[in-house]
Amino acid sequence: MEGFLPVGHALAWSAVSAPFVIVGARRLTKTLRDRPDIRLTLAASGAFAFVLSALKIPSVTGSCSHPTGTGLGAMAVGPAATTVIGTIVLLFQALLLAHGGLTTLGANVFSMAVAGPWIAFGVWKLAGKLGAPAAVAVFLGACLGDLGTYVVTSIQLALAFPDEAGGFGGALAKFASIFALTQIPLAVAEGLLTVVVMNALAGRSAKLEVRA
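An account of the accompanying structure is given in this report. (Residues numbered from 1 in each chain as written. Predicted model: local features only at pLDDT ≥ 70, side-chain atom pairs only at ≥ 80, totals over all residues. Heavy atoms only, no water.)

Things to note about the overall build of the chain
The helix and strand tally for the chain stands at seven helices and two strands. When the helices and strands of the chain are read in sequence order from the N terminus, they spell out α-α-β-β-α-α-α-α-α. Against the compact-globule benchmark of 17 Å for 212 residues, the chain has a radius of gyration of 17 Å, which places it among compact chains. Per-residue burial for the chain yields a buried fraction of 46% across its 212 residues. Excluding contacts between residues fewer than 6 apart, the proportion of contacts in the chain whose partners are at least 24 apart in sequence is 73%. With an accessible surface of roughly 9900 Å², the chain has 73% of that area assigned to carbon and sulfur atoms. With 13 positive and 8 negative side-chain charges, the chain shows a separation of 13 Å between the mean positions of the two kinds. (Helix = DSSP H or I, 4+ residues; strand = E, 2+ residues; numbered from the N terminus. Rg over C-alpha atoms; globule rule 2.2 N^0.38 Å. Buried < 20%, exposed > 50% of the residue type's maximum accessible area, 1.4 Å probe, protein only. Contact = heavy atoms within 4.5 Å. Areas by Shrake-Rupley, 256 points an atom, 1.4 Å probe, with all protein chains shown as cover. Lys, Arg positive; Asp, Glu negative; His and termini not counted. Charge placed at Lys NZ, Arg CZ, Asp CG, Glu CD.)

Here we look at helix 5 (residues 105-129)
End to end, helix 5 covers 35 Å across 25 residues, agreeing with the expected 36 Å (1.5 Å per residue, within 8%). Along helix 5, the largest kink reaches about 30 degrees and is centred on alanine 115; proline proline 117 follows within four residues of it. At the C-terminal side of helix 5, glycine 131 shows a positive phi close to 90 degrees. (Expected span 1.5 Å × (residues − 1). Bend = angle between axes of the 7 residues up to and from the residue.)

So, the packing of aromatic side chains
For the structure on display, the rule yields six aromatic pairs. Consider the rings of phenylalanine 4 and phenylalanine 161, whose centres lie 5.0 Å apart with planes at 55 degrees: the pair is tilted. Taken as a pair, phenylalanine 4 in the segment before helix 1 (7-34) and phenylalanine 161 in the loop between helix 6 (134-160) and helix 7 (167-204) lie far apart in primary sequence, 157 residues in all. Residue classification places phenylalanine 161 among the partly exposed residues on the basis of a relative accessible area of 30%. Arranged with centres 5.2 Å apart and planes meeting at 40 degrees, the rings of tryptophan 13 and phenylalanine 110 form a pair that is tilted. Here tryptophan 13 is found in helix 1, whereas its partner phenylalanine 110 is found in helix 5, with 97 residues between them in sequence. Accessibility assignment for this pair places tryptophan 13 and phenylalanine 110 in one class, buried. Among the aromatic residues, those joined into a cluster by ring pairs are Trp13, Phe20 and Phe110. The ring of phenylalanine 175 is capped by lysine 174, whose NZ or CZ atom sits 5.2 Å from the centre of that ring. (Phe/Tyr/Trp six-rings, centres within 6.5 Å; stacked < 30°, edge-to-face > 60°. Lys NZ or Arg CZ within 6 Å of the ring centre and 35° of its normal.)

Here we look at the environment of valine 197
With respect to the helices and strands, the residue valine 197 is situated in helix 7. Here the alpha-carbon distance between valine 197 and glutamine 183, two residues 14 residues apart in the chain, equals 20 Å. The residues touching valine 197, leaving out its near neighbours within four places in the chain, are Phe48 and Leu72.

Points about the pattern of salt bridges
Going through the model one piece at a time under the given rule, you end up with one salt bridge. For aspartate 34, the salt bridge is made with lysine 30, and the minimal N-O distance between the two is 2.8 Å. Of this pair, aspartate 34 and lysine 30 are both found in helix 1, four residues apart, which corresponds to roughly one turn of the helix. (Salt bridge = Lys/Arg side-chain N within 4 Å of Asp/Glu carboxyl O.)

The structure is reproduced here in structure tokens:
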């Protein structure tokens, strides 16, 4: 939430996230120029991420659990473009819904708009190469992308607030275990919903060809 991270951590995560956003913006511009037909898919991915990630459940102090919705974008338009989508979603939520914050935007972008989409994309591609059915690959990508987001969030919180006795490791175990109570069922639900939406998008387009 706003102002929760120490200033140094907030600035560091902003610096780490910035190159991904810049590269993603360039990739998105090129994609829109080469494939103008993808605009509706891009809009649907953004709306999906905005609605799902706005459904928050209070969790660890200073944070909350919610679906991320970025797995769909990662598989439909690519993880680089989804970084831009996720950044816009997080910015709008911070300004309009008091969900997240401007000072913590960099940290939230890295966990939800960078790490989550790349994990989802990688799992989806790997599952497909291993011969998993399309629906299973999509489910695994969305589900593990969601969980990956919260593993990164747990790392961020543990770095900022190490446990007095257990240090970073103790804090990481504490944050991750608390998040798991709500995030695992949310990730499963997001995976199932993403399969439904992905099928609908695939029905509109004969084939979704996605590159990172």
